[in-house]
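Results of the structural survey
For reference, the chains in residue letters:
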Amino acid sequence: MHLGLIGYGNIARTLMGVLARENAAITQVSVLSLPEFAAATRAALAQDYTGKAMVYADSPALIDARPDLVVECAGHAAVQAHATACLRAGIETVIVSIGALADATLLAAVEQAAAAGGARIVLPAGAIGGVDILSALRPSGIDSVTYSGRKPPMAWSGTPAEDLVDLAALTEETVFFSGNARDAATQYPKNANVAATLALAGLGFEGTQVRLIADPAVTRNIHEYTVQAGAASYTIRIEGNPSPDNPKTSVTTVYSVAREVLNRTRKVAI
Ligand SMILES: NC(=O)c1ccc[n+]([C@@H]2O[C@H](COP(=O)([O-])OP(=O)(O)OC[C@H]3O[C@@H](n4cnc5c(N)ncnc54)[C@H](O)[C@@H]3O)[C@@H](O)[C@H]2O)c1
């Protein structure tokens, strides 16, 4: 496979390590980098991958290289700037910064681009799991999806939670947001990916209930959600380890993206 990557930060670099360990059949890698980081990206890529590799500074150049699959792992602005162009060019695109799709205009734009290019948008499970059954149950009728995101208090610093509670002084768990996935994604965009993934797989942004919790008793990012549906009900709880190079990203996200690549390079997709 010729793999295209948008962004070469924590997820992309860890991904390359996982793919190497798994002996994935990657014949070529093309990376779209911010121009100011192109030289550093070239150096990092040379460390991580010894095969044919190129770094580009704009999406037309990445598209001209004709990767078989593009993985966006660069953030919400990159979805806006580059994912639509890749899709319109007919390249299957994995969007990791799924929270960007809480913007209804952007969601419509990527869907239109995919339709125009005849390409698929792939939304990986990312930090959570159980998205397969949630999406599968949709035709059975889903009654409710209720998600709780629980993190150590300081993991919420730099978000509006800071203005609602004294994070550093918390001695017990505190729910600082309760509402739907649309409001959660809009007010907490840096933490929007999981809520947006559940919304898109299940009941939509308005129908998915979200609680965000600062909890001094935990050290990991804990995602828990309950689904009530016509064919089944379930609760899933995931205690994700933070990535060593970016504590905001659960390392499970990388493995979920690796699965998307491996499922396209092996004879059995699971
Ligand atoms: N779906 C999920 O559950 C989930 C979980 C965690 C993170 N994410 C998303 O993945 C993204 C990447 O995470 P990370 O840990 O690798 O972050 P990171 O900051 O380590 O890496 C991002 C990289 O993208 C590059 N970049 C930024 N804007 C770019 C652009 N317009 N074009 C090209 N490159 C660009 C940066 O220079 C950086 O190297 C996050 O922003 C987040 O939105 C999704």
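Since the structure is predicted, the reported quantities are computational estimates derived from the model, not experimental observations.

Basis of the calculations
Residues numbered from 1 in each chain as written. Predicted model: local features only at pLDDT ≥ 70, side-chain atom pairs only at ≥ 80, totals over all residues. Heavy atoms only, no water. Helix = DSSP H or I, 4+ residues; strand = E, 2+ residues; numbered from the N terminus. Buried < 20%, exposed > 50% of the residue type's maximum accessible area, 1.4 Å probe, protein only. Contact = heavy atoms within 4.5 Å. Areas by Shrake-Rupley, 256 points an atom, 1.4 Å probe, with all protein chains shown as cover. Lys, Arg positive; Asp, Glu negative; His and termini not counted. Charge placed at Lys NZ, Arg CZ, Asp CG, Glu CD. Near = heavy atom within 4 Å. Polar contact = N/O pair within 3.5 Å; in protein donor to acceptor, adjacent residues only side chain to side chain. Nonpolar A, V, L, I, M, F, W, Y, C, P; charged D, E, K, R; others polar. Domains from an automatic or database assignment. Buried area = accessible area lost by both parts, 1.4 Å probe. Pairing = 2+ DSSP bridges. Axes fitted to C-alpha atoms, helices over the stretch in contact; angles between N-to-C directions. Phe/Tyr/Trp six-rings, centres within 6.5 Å; stacked < 30°, edge-to-face > 60°. Lys NZ or Arg CZ within 6 Å of the ring centre and 35° of its normal. Disulfide = S-S within 2.5 Å.

This part takes up the overall build of the protein chain. Scanning the protein chain from terminus to terminus reveals 11 helices and 13 strands. When its C-alpha atoms are laid out on the principal axes, the protein chain stretches across 50 × 45 × 35 Å. With 270 residues in all, the protein chain has 51% of them scored as buried. Across the protein chain, the fraction of contacts at a sequence separation of at least 24, relative to all contacts at a separation of at least 6, is 72%. Put simply, the protein chain shows about 12,200 Å² of open surface, and 52% of that area lies on carbon and sulfur atoms. Between the mean site of the 20 positive side-chain charges and the mean site of the 24 negative ones, the protein chain shows a separation of 7 Å.

Taken together, 23 residues form the shell around the ligand, and within it Asn10, Ile11, Val96, Ala127 and Thr249 come nearest. At a separation of 3.5 Å, an oxygen atom of the ligand approaches a polar backbone atom of Gly9. Contacts to the ligand include Asn193, whose side-chain N or O atom sits 3.3 Å from an oxygen atom. Calculation on the ligand without its partners gives an accessible area of 860 Å², and the protein chains cover 79% of this total. Where the shell around the ligand is concerned, the elements lending two or more residues are α1 (10-21), α4 (76-88) and β13 (246-250). Here the shell around the ligand gets three residues from one element, more than from any other, and that element is α4. A per-class count over the shell around the ligand returns 10 nonpolar, 13 polar and no charged.

Another aspect to go through is the domain arrangement of the protein chain. With domains assigned, the protein chain is organised as domain 1 (2-123) and domain 2 (131-245). One C-alpha centre belongs to domain 1, the other to domain 2, and the line joining them spans 26 Å. Both faces considered, domain 1 and domain 2 share a buried interface measuring about 780 Å² in area, 62% of it formed by carbon and sulfur atoms. Broken down residue by residue, the surface that domain 1 buries against domain 2 is led by Asn10, Ile98 and Ala102, which jointly contribute 53%.

The next thing to look at is the sheet that holds strand β11 (residues 233-240). The strand order across the open sheet formed by five strands is β8-β9-β7-β10-β11, and the pairing between neighbours is mixed. Of all the strands in the sheet, just β8 (174-180) and β11 have a single pairing partner and so form its edges. Shown here is a sheet whose adjacent strand axes are inclined to one another by a mean of 10°, direction ignored. Pairing of strand β10 (residues 221-229) with β11 involves eight bridges; the strand directions are antiparallel. Within β11, the residue paired with Asn221 across the bridge is Gly240.

Applying the stated rule across the entire model yields five aromatic pairs. On the basis of an interplanar angle of 85° and a centroid distance of 6.5 Å, the ring pair of Trp156 and Tyr188 is categorised as edge-to-face. In this pair, Trp156 sits in the loop between β7 (142-151) and α7 (161-164) while Tyr188 sits in the loop between α8 (181-187) and α9 (192-201), placing the two residues 32 residues apart along the sequence. The two residues Trp156 and Tyr188 agree in class, both being buried. Here Phe176 and Tyr188 contribute two aromatic rings whose centre-to-centre distance is 5.5 Å and whose plane-to-plane angle is 50°, an arrangement assigned as tilted. Of this pair, Phe176 sits in strand β8 while Tyr188 sits in the loop between α8 and α9; the two residues are 12 residues apart in sequence, bridging distant segments of the chain. Here Phe176 and Tyr188 have matching classes, each one buried. Taken together through their ring pairs, the aromatic side chains of Trp156, Phe176, Phe177 and Tyr188 make up a single cluster. The lysine or arginine in question, Lys151, covers the ring of Trp156, its NZ or CZ lying 5.0 Å from the ring centre.

Among the structural elements, Thr93 can be located in strand β5 (residues 92-95). Separated by 2.8 Å, the side chain of Thr93 and the backbone oxygen of Ile91 make a polar contact. Other than its neighbours up to four places away in sequence, Thr93 contacts Val70, Ala83, Cys86, Leu87, Arg120, Ile121 and Val122.

The next subject is the state of the cysteines. A full pass over the atoms with the stated rule returns zero disulfides. Among the cysteines around Cys73, which has no disulfide bond, Cys86 carries the closest sulfur, lying 12 Å off.

This part takes up α9. Burial runs high along α9: eight of the 10 residues are buried. When we look at burial in α9, the residues that qualify are Ala192, Val194, Ala195, Ala196, Thr197, Leu198, Ala199 and Ala201. In this fold, the buried residues of α9 make contact with α6 (131-137), β7, α8, α10 (204-207), β9 (208-214) and β10.

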